[in-house]
Amino acid sequence: MECAQEPVSNAGPAEGPGGSGIALELLVHGVGGTTPQEMLADPRTVRIAGDDTAALFRRADDVDAELRPDDHRGGPVPEAYVWCNLTSGNSARALWLLLLPFMVANLAHWMRPTARGRSRTVRFYGLLVRLVGLTLTVLLVAAACEVALDLAAWQCAGTRACAERHSWLGFLSPDLSHDGWWSRPGRRLALAAVVPAALTGLLWYLSRRTWSAYESVRPVSHLDETDEDGDHTSLGRPGFWYGRRLVARLRAAHTAAGLLTVAAAVASSAWRFDRGPDSPAVLETLGVLLYTALAATALVVLWVVCRRGRTENRLDQALDTRLVRRLPLAALLLLLLAAGYAGWERPGWESAGRLPGGGTTFGGLALIQGALVVALAVCARALYRTAPDRRAVLRGLGGPAVAMLACALGGVMSGGVSQRVSDWLDGTGTFLAGPPVLLTWQASVIPVLLLVLLVLCAGLGRRAWLLRRTELGEVELDHPGVSVDPARTRAIATTRVMATLTDRAPLVVAVASTATLLLGAGAIVGASLTDRAPGPAARHAHAFVHGAAQTAQGLGSWLIGLGFVLFVTWGRRAYKDASARRTIGILWDVGTFWPRAAHPFAPPCYAERAVPDLSWRMAGWTHATGGRLVISGHSQGSVLAAAAAWQLKPSVRKRVALLTYGSPLERLYGRWFPAHFGPAALSSLHREVACWRNLYRLTDPIGGPVRLAGDCGPEVDRAPLKDPLAYGRTARHPLPAPILGHSDYQADPAFAEERARLLARLGPRLPAPREQEERRNDTAARPPARAETTVPTAPAPAPHVYIAAVPQRTARATAPGLRQAAALALVSAVAFLVAWACTRGAVAGFERHGALVPSDAAQVVAAVGATGLGIGSAIASVLKAIALLTPARPEPARTRVPVAPRAHGADEPSASDLDAVADAGGIA
C-alpha cells in the first residue's frame, strides 16, 4: 500500500513539534471495555481530558510528550480513549434492557438497503419505521393499563374473593369498603391510571436526561470544506451525530401518545355505560366531546411523527419548543379530563368481566404492526432493486425482519407481564376473567416458535459438525512439520467453526421473523373466531388437539414469565460480569451505536458522544502539532474510529492512518447496514484516509476482513493472523499458546509490525492527496516520447470513449397497467368482504351450536382462503402501483467521441483525455 509523502502547503500549521516527527497512537477499545492501565500497559495513568463517563488517558511519563518530541522518536505516544461507561456504567442501567423492543425497532431504521435516486422511497421507509415505533409505545402503555386498570382496579377490586386475598385493594372494593368513595368503578380506574401515566412520565424523563447528555454534544463542523466523496455514506454529514431536534419532537409525540392511551382506557368503559338508554344525555355528550378531542390530538401526534425525519446535511440548532412543550401538556390535560369524566357518579354501574375494549386494542395493534411490516418489506425490496448487493442481509429485507422481531418482543413482554400479574392476583384461576384472550393466544404460540428455532439450531449444529471435519485437515495444513496433537487440533478447528456461526445469524432472523408473522396471524384468527383461550376453545376437538392446546397454553404462560425474569437477571449480570458482557455485549453495543431516529425511548446512542470526542481530539491534535496520528480501534472501537474519521475535514482525514483489528465493519455492519457501511462507503474511507490496515483471525467470531472490491482490497486486509501463535511448545512459547479468538490482538507480532508500517508510510511530513500522487507516479513511469523519424503512414483509427447521454425519464403509468392495478384492488376488496362475511357466519354458528360443526368449519376454511387471496391481491396491487409510479430507467444512449492517442503511442486514452470526457458528459 502506497501513501503519499508530499506536503500540503495549506493543510496544517506552519511550524511546530510535528516537524520533529512526533506521532500519536489513539487507542479505542471494543466490546466490554477495559481499563486504561490495561490499554496502555502501565499501572500509572493520568486522565488528560474527559469525565467519568468517557475520557482520554496517557501514561504518567507521556503527559507532556508534545513538549519533549526528541524523547519519543522510537515510537508513537500511546493515548487511550475509554468509553465503556457510556454503555455499561452502574448496574441500574440493566433496566435499559426493558427498552429492548424500542432499540430493535430503532435498528430497523438504519438497516435499509443502499438506494440510488429514490429519496422519496427512503423517506417513506423511515416513516414506516417511525410508525412501528409509535405502535410499540402504545403497546407498552396499553400493557400497563391492562395490568393496573383491568386486572387490579376493575377485576380484582370488583371481586370480593380477590380483594380479600389482597388487602391492599380493600379500600377499592365495594364490599370491603362498604361502598366507599373510591369503590365506584370510574374512580377506581382514575386512581389506577396513575401507574401507566407514571410509566410514561418515567420514559419521558429518561429520554430527556440522556438527550441532554448525548444528543446535545455538538460534533466537529466541517462546512468550510467540500468533501467530494461525502455522498458515499451519510455518516460523514455534519448533522448525522446531532439528532437533538428529531429526538425532541419524537419524545413529545410518544409521550402524548402514551398519555392519550391511558386517557382512552380510563374513559372507554364509562362512555360505553353512558351510551345506554338510562344514561343522562349530558354525560353522553361529554363523552362524545372527550373522544373527539382525544381523536384530534391523536391525529396531531401522527402528523408530528410523519411530518419530519432527520436533518443530516447541516447542524440543526433549532428546536420546536412550542410543539415539544404543548403537545404532552395537552395530552396530560385530556387525561385529567378523562379521569374526571370517569369518576362522575353513575348509579347502577358495576364492574364485571374484563374491562371493555382491551381485546380490540391489542388486536388492532397487532394488525397495524403486521400491515406496517409488510409495507416496510415492499419498500425495502423496491430500494434494494435500485442497487443490489449480494452481501446485504436477506437481500435487503433485514430491516423488515428486525422490525417484526421488535413487534414480537413487545407482544411477548406485554403478554408476559399481564399473564404473570393475573396468575399472582388469581392463583386458583377461579375469581378473575384474566387478560384479553389475544394475549393468551400469543403466549401459547411461543412453544411452537421455540420448537421451530430448535429444529433450525439442530440443522445449524449438523452443518457445523460437518464443517469441523473439514477444518481438522485445514489446521494440520496450517502447521506443517509439527507433531500432531488430536486434542489441540480439535480445539482449534472447533473454535474456527464456532466463529462461523455469526454468519448464520441472517438465517435465524429470517426464520424467526417469518414464523412470528405467521403464528401471530394465527393467534389473531383464533382469538377472533373463538373468543376463548386455546385450551377451552379446543375442548370439543380431538383429544390430541385438546391436549396440545392445553400444553401450549400452560407452557407458554410459564415460559413467557420465566423468560422475562431471566431477561432482566441476565441483563444485570451482563453489566456486572465482564465475561458475561463480552458474550452478549456486541449485540447491545451494535444496537446502541445508532442515533435514536425511530424511537425516542430507546437506550441512548453512545456514539453521539464518542464520535464527537474522537473527531475533536484528532482534529485538534493534528492542527496543534502537525504530527502523525494513527487511530487504532479494536472491535466496536474500529467502528467508532471509522465514524470519527468520516467526520473529519478532508484535509485532516488525509493526515490520519487507520489500524483496525477484530473489526466488524464489513462482517456485521457492512451486511446489516449496507446503506451506511456498504462497499462504496468503505472504499471511500480507504481512499480518503492516508493509510488503512485491517487485522483479523479465522477464530474470531466478530471481526473479519473488510473485503473491499477492486484495487483497494489487498491493500487493507492482511492475511489472517495465526491463532494460536504456536501449535505446540517452542523456544519462544515454552507453554501452550492460548487460542485468542477476538481478544489480545496486541500480543501478535503483526500488530507492532503493521503499526510501524503505517507510521513509516505517513512519514514525518503531511501527506499529499493520494490522487495527485498516483497520477504523478503514473506520469513518471511512462517512457519519454520519441521523435517521429519514420515515414508517415496512414493514421490509425482514433480510440473512442463512450459518453452516456442523459436519460430521459418516461412515464410507465399506461392505461392497461392502471386497469390491472384497479382490478387487483377490486379483487382484494371483494375477498376481504367474503372473508368478513364467512367469519361472522362461523362465529354465529359457533355461538349457536357451542362447537364447530362441518358447515361452520367450511366457513372457517373459506374465510382463511379469502383472507389469503385478499392479502395476496393487496400486495400485488401495491407492487403494481409502485411499478407504475417508478420512473423508467432506459439504457443510456452512448456517443462515440474520438480521442487523440497518447504521445508514447499507446492505444488507450490518457488520464487527461478521460478527465476531459468525464467533464463533458460522463464515462459509461
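Being a predicted model, the structure only gives us computed values, none of them experimental. (Residues numbered from 1 in each chain as written. Predicted model: local features only at pLDDT ≥ 70, side-chain atom pairs only at ≥ 80, totals over all residues. Heavy atoms only, no water.)

### Concerning a positive patch on the surface
And then number 1: Side chains of Arg-381, Arg-385, Arg-390 and Arg-395 sit close together on the surface and give a patch of like positive charge.
And then number 2: Relative to the elements of secondary structure, Arg-381 occurs in helix α10 (residues 358-386).
And then number 3: By relative accessible area, which is 38% here, Arg-381 ends up partly exposed. (Patch = residues over 30% accessible without salt bridge, like charges linked within 9 Å, V, L, I, M, F, W, Y side chains within 5 Å. Areas by Shrake-Rupley, 256 points an atom, 1.4 Å probe, with all protein chains shown as cover. Salt bridge = Lys/Arg side-chain N within 4 Å of Asp/Glu carboxyl O. Lys, Arg positive; Asp, Glu negative; His and termini not counted. Charge placed at Lys NZ, Arg CZ, Asp CG, Glu CD. Helix = DSSP H or I, 4+ residues; strand = E, 2+ residues; numbered from the N terminus. Buried < 20%, exposed > 50% of the residue type's maximum accessible area, 1.4 Å probe, protein only.)

### What to know about the environment of Val-63
And then number 1: Mapped onto the fold, Val-63 is located in the loop between β3 (55-59) and β4 (77-82).
And then number 2: Between the alpha carbons of Val-63 and Arg-47 there is a distance of 9.1 Å; along the sequence they are 16 residues apart.
And then number 3: When sequence neighbours within four positions are dropped, the list of residues in contact with Val-63 reads Val-46 and Arg-58. (Contact = heavy atoms within 4.5 Å.)

### Quick word on the state of the cysteines
And then number 1: With the rule as written, the count across this model stands at one disulfide.
And then number 2: Here Cys-156 pairs with Cys-162 through a disulfide, and the sulfurs are 1.9 Å apart. Disulfide Cys-156 to Cys-162: torsion about the S-S bond roughly -90°, handedness left-handed. (Disulfide = S-S within 2.5 Å.)

### Thoughts on the packing of helix α13 (residues 446-478) against helix α14 (residues 486-500)
And then number 1: Contact pair α13 / α14: the axes reach a minimum separation of 8 Å and the direction vectors enclose 125°. Relative to α14, the element α13 is oriented oblique. In this structure, α13 meets α14 at a crossing whose hand is right-handed. Contact residues: α13 offers Ala-464, Leu-467, Arg-468, Glu-471, Leu-472, Glu-474, Val-475, Glu-476 and Asp-478, while α14 offers Thr-489, Arg-490, Ile-492, Ala-493, Thr-494, Arg-496, Val-497 and Thr-500.
And then number 2: The residue inventory of the contact of α13 with α14, partitioned by class, reads seven nonpolar, three polar and seven charged. (Axes fitted to C-alpha atoms, helices over the stretch in contact; angles between N-to-C directions. Parallel < 35°, antiparallel > 145°, perpendicular 65-115°, else oblique. Left-handed = near helix turned anticlockwise from the far one by under 90°. Nonpolar A, V, L, I, M, F, W, Y, C, P; charged D, E, K, R; others polar.)

### Some words on the pairing of strand β7 (residues 691-695)
And then number 1: Judged by how many residues are buried, β7 sits mostly within the fold: five of five residues are covered.
And then number 2: Side chains Cys-691, Arg-693 and Leu-695 of β7 all project onto a buried face; the interleaved residues Trp-692 and Asn-694 project onto the opposite face, where all are buried too.
And then number 3: Pairing analysis gives five bridges linking strand β6 (residues 656-661) to β7, with the strands arranged parallel. In the strand pairing of β7, Leu-658 is matched with Trp-692. (Pairing = 2+ DSSP bridges.)

### Observations concerning the confidence of the model for the protein
Segments scoring low in pLDDT should not have their predicted coordinates read at a detailed level.
And then number 1: Taken residue by residue, the protein gives an average pLDDT of 79. The fraction at 70 or more is 75%.
And then number 2: Taken together, the stretch residues 766-813 has pLDDT below 50 and engages in 85 contacts with residues farther than four places along the chain or on a different chain.
And then number 3: Note that residues 886-924 has pLDDT below 50 and, in this model, 70 contacts with residues that lie over four places away or in other chains. (pLDDT = per-residue confidence, 0-100.)

### Observations concerning the side chain of Ser-207
And then number 1: With respect to the helices and strands, Ser-207 occurs in helix α6 (residues 194-215).
And then number 2: Given the relative accessible area of 2%, Ser-207 is considered buried.
And then number 3: Side-chain polar atoms of Ser-207 contact the backbone oxygen of Pro-600, separated by 2.9 Å. (Polar contact = N/O pair within 3.5 Å; in protein donor to acceptor, adjacent residues only side chain to side chain.)

### Regarding the environment of Ala-144
And then number 1: Mapped onto the fold, Ala-144 is located in helix α3 (residues 119-156).
And then number 2: Not counting the four nearest positions on each side in its chain, Ala-144 is found in contact with Leu-149, Pro-196 and Leu-199.

### With respect to the pattern of salt bridges
And then number 1: What the rule picks out here adds up to 26 salt bridges.
And then number 2: Here Asp-61 ties to Arg-44 by a salt bridge, and the two come within 3.2 Å at their closest N and O atoms. In this pair, Asp-61 sits in the loop between β3 and β4 while Arg-44 sits in the loop between α1 (36-40) and β2 (45-50), placing the two residues 17 residues apart along the sequence.
And then number 3: Between Glu-164 and Arg-160 there is a salt bridge, with its nearest N and O atoms 3.0 Å apart. Residue Glu-164 and its partner Arg-160 are both found in helix α4 (residues 160-165); the two are separated by four residues, about one turn of the helix.
And then number 4: Glu-164 sits in the partly exposed class, given a relative accessible area of 45%.
And then number 5: You can call Arg-160 partly exposed: its relative accessible area is 42%.
And then number 6: Within the structure, one salt-bridge network assembled from shared partners comprises Arg-693, Arg-718, Glu-753, Glu-754 and Arg-757.

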